[in-house]
Amino acid sequence: MSDALTHVHALLDLRDDAPDKGPRERAAVDLLLFELGPVTFALRAQQVEEVIAWRTPLPLPRADPRVMGILQDRGRIVVIVSAPLAAPAAAPLRIVVCRTQRGYLGLPAGKTRCVAAVKVFGELAPKAVVDTSEGVVTFLDVIHLLDASEGAPQPSVAPRGDPAAWSGR
């Protein structure tokens, strides 16, 4: 084999003895990962305004059942919504504040971490369970978070450390 062809094969990793790397990553994106109960959720980092300490929200009468309440934080009203697909008994430590066209939206969270350039293996659709270089996560999109229908079927959620429970494999 010529040196040029060997160099091309090395760059493309097309050697016959190369191990199968599985599905190719779709993209490398910046994500905020947060845990609530046994589930790890992911949001695009660009959608996150900030992460603040947990405070119990004030209840809103006759609000959608997904709305836990509201709180005021530095002159802004933040609507706290229950994390979709999360265990209801999970005790939040933080609130992930996101800015939407309708105002500020808060999601209860446990541990949080912002990770740059996460490799994603699969489609980043709202509430999709995807495999990433950081493990299996449930992707959330704040734009679609409150628009989801109450009666819509909910995807299964893969708990951390249990890849066999992930329905995509």
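Whatever comes next refers back to the structure up there.
Conventions adopted
Residues numbered from 1 in each chain as written. Predicted model: local features only at pLDDT ≥ 70, side-chain atom pairs only at ≥ 80, totals over all residues. Heavy atoms only, no water. Pairing = 2+ DSSP bridges. Helix = DSSP H or I, 4+ residues; strand = E, 2+ residues; numbered from the N terminus. Axes fitted to C-alpha atoms, helices over the stretch in contact; angles between N-to-C directions. Core = buried A, V, L, I, M, F, W, Y, C linked by side-chain atoms within 4.5 Å. Buried < 20%, exposed > 50% of the residue type's maximum accessible area, 1.4 Å probe, protein only. Contact = heavy atoms within 4.5 Å. Salt bridge = Lys/Arg side-chain N within 4 Å of Asp/Glu carboxyl O. Phe/Tyr/Trp six-rings, centres within 6.5 Å; stacked < 30°, edge-to-face > 60°.

With respect to the sheet that holds strand 7 (residues 103-109)
Then, in step 1: Read across the sheet, five strands follow the order 3-6-7-5-4 without closing on themselves; strand pairing throughout is mixed. Two strands lie at the open edges of the sheet, namely strand 3 (48-53) and strand 4 (67-73), each paired on one side alone. The average angle at which neighbouring strand axes cross in this sheet is 30 degrees, direction not considered.

Topic: the nonpolar core
Then, in step 1: By size, the foremost hydrophobic cluster in this structure holds 18 residues, and its most contacted members are Phe34, Leu43, Val96, Leu107 and Leu140.
Then, in step 2: At the level of secondary structure, the elements contributing two or more residues to this core comprise strand 1 (27-36), strand 2 (39-44), strand 6 (94-100), strand 7 and helix 2 (142-145).
Then, in step 3: Not counting residues within four places of it along the chain, the set of residues in contact with Phe34 comprises Val39, Thr40, Phe41, Leu43, Val96, Leu107, Pro108, Ala109, Lys111, Thr112 and Leu140.
Then, in step 4: Counting twelve residues, the second largest nonpolar core, distinct from the first, contains Leu33, Ala42, Ala128 and Phe139.

Brief notes about the pattern of salt bridges
Then, in step 1: Counted by the stated rule, this structure contains eight salt bridges.
Then, in step 2: The closest approach of N and O atoms between Glu49 and Arg76, which form a salt bridge, is 4.0 Å. Taken together, the residues span a long stretch of sequence, with Glu49 in strand 3 and Arg76 in strand 5 (residues 76-81) at a distance of 27 residues.
Then, in step 3: Note on Arg76: relative accessible area 10%, which makes it buried.
Then, in step 4: We note a salt bridge from Arg74 to Asp73, for which the minimum N-O separation is 3.8 Å.
Then, in step 5: It is possible to trace a salt-bridge network through shared partners that takes in Glu49, Glu50, Arg55, Asp73, Arg74 and Arg76.

Remarks on the packing of aromatic side chains
Then, in step 1: Using the criterion set out here, one finds one aromatic pair in the structure.
Then, in step 2: A ring pair is formed by Phe34 and Phe41, whose centres lie 5.4 Å apart and whose planes are at 25 degrees; its orientation type is stacked. Side by side, Phe34 and Phe41 carry an identical accessibility label, which is buried.

Brief notes about the environment of Ile70
Then, in step 1: Relative to the assigned elements, Ile70 resides in strand 4.
Then, in step 2: What makes Ile70 partly exposed here is its relative accessible area of 21%.
Then, in step 3: Put simply, Ile70 and Tyr104 are 34 residues apart on the chain and 9.9 Å apart in space, counted from C-alpha to C-alpha.
Then, in step 4: Setting aside residues up to four positions removed in sequence, Ile70 forms contacts with Pro57, Leu58, Leu60, Ile77, Val78 and Val79.

Examining unusual backbone geometry
Then, in step 1: Even without glycine at this site, Arg74 takes up a positive phi of about 50 degrees.
Then, in step 2: In this fold, Arg74 is placed in the loop between strand 4 and strand 5.
Then, in step 3: Taking the relative accessible area as the measure of exposure, Arg74 reaches 65% and is therefore exposed.
Then, in step 4: The phi dihedral of Ala117 falls on the positive side, at around 55 degrees, and the residue is not glycine.
Then, in step 5: In this fold, Ala117 is placed in strand 8 (residues 112-121).

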